[in-house]
Amino acid sequence: MKTLIIVSHPYSAQSRVINALQKTAESLSDVTVRNLDELYGKNTEAIDVATEQAASEAAERIVFLYPTHWFNITPMLKAYLNSVWTYGWAFGSGGDVLKGKELMVVTSAGASEFTYSHDGLIKSTMKEVLTPLKASALYVGMKYAECLAFYEVTGENKDNISEFQQQLIEKLQF
């Protein structure tokens, strides 16, 4: 399956997990990786909409790879959605370019999986935190795949990078 991975991390120099997952993805066949922060820095207005749309059109599956920070996507990923998934291209007024494609989220979190549970601090699962992305995917006619989330990436699980990489490979080769 032709896969486009959109990577975003506002502090990529500090990221061990997202950087390692990006390298893993780059080593796979039928995978194209576009790192928004490497391509455009922090300039949300610099996103090359035509290039990003062409990359999306060529893919059967789109993966967002980013750290969950304050229970949300990164600023560059939000800007990407705002500018690339525009009315008339992704949906509405005849646009259905993303219809039938799959959206998958791969994310990391510093907090524990328990924190992302109904009994934990935020009383919400990661699946629930990602509801806006699920809604966005469904709104433009995409299929929403089960997310892949890695927890405690700066704490207890900080040395489990090779395990995370293997899980990503298994998820992408499905």
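Everything that follows concerns the structure shown earlier in this document.
A brief structural summary.

What counts, and at which threshold
Residues numbered from 1 in each chain as written. Predicted model: local features only at pLDDT ≥ 70, side-chain atom pairs only at ≥ 80, totals over all residues. Heavy atoms only, no water. Salt bridge = Lys/Arg side-chain N within 4 Å of Asp/Glu carboxyl O. Helix = DSSP H or I, 4+ residues; strand = E, 2+ residues; numbered from the N terminus. Buried < 20%, exposed > 50% of the residue type's maximum accessible area, 1.4 Å probe, protein only. Axes fitted to C-alpha atoms, helices over the stretch in contact; angles between N-to-C directions. Parallel < 35°, antiparallel > 145°, perpendicular 65-115°, else oblique. Contact = heavy atoms within 4.5 Å. Nonpolar A, V, L, I, M, F, W, Y, C, P; charged D, E, K, R; others polar.

## As for the pattern of salt bridges
Scanning all chains against the criterion turns up 3 salt bridges. A salt bridge links Glu52 to Arg34; the shortest N-O distance between them is 2.7 Å. Taken as a pair, Glu52 in helix H3 (residues 49-57) and Arg34 in strand E2 (residues 31-35) lie far apart in primary sequence, 18 residues in all. Using a relative accessible area of 0% as the deciding quantity, one classes Glu52 as buried. Here Glu102 makes a salt bridge to Arg61, at a shortest N to O gap of 3.8 Å. Residue Glu102 is located in strand E4 (residues 102-108), and its partner Arg61 is located in strand E3 (residues 61-67); the two are separated by 41 residues in the primary sequence.

## Observations regarding the packing of H3 against helix H4 (residues 75-84)
At a closest axis distance of 10 Å, the pairing of H3 and H4 adopts a crossing angle of 90°. Here H4 runs roughly perpendicular to H3, going by the angle between their axes. Touching Val49, Glu52, Gln53 and Ser56 of H3 are Tyr80, Ser83 and Val84, all from H4. By residue class, the composition of the contact of H3 with H4 is 3 nonpolar, 3 polar and 1 charged.

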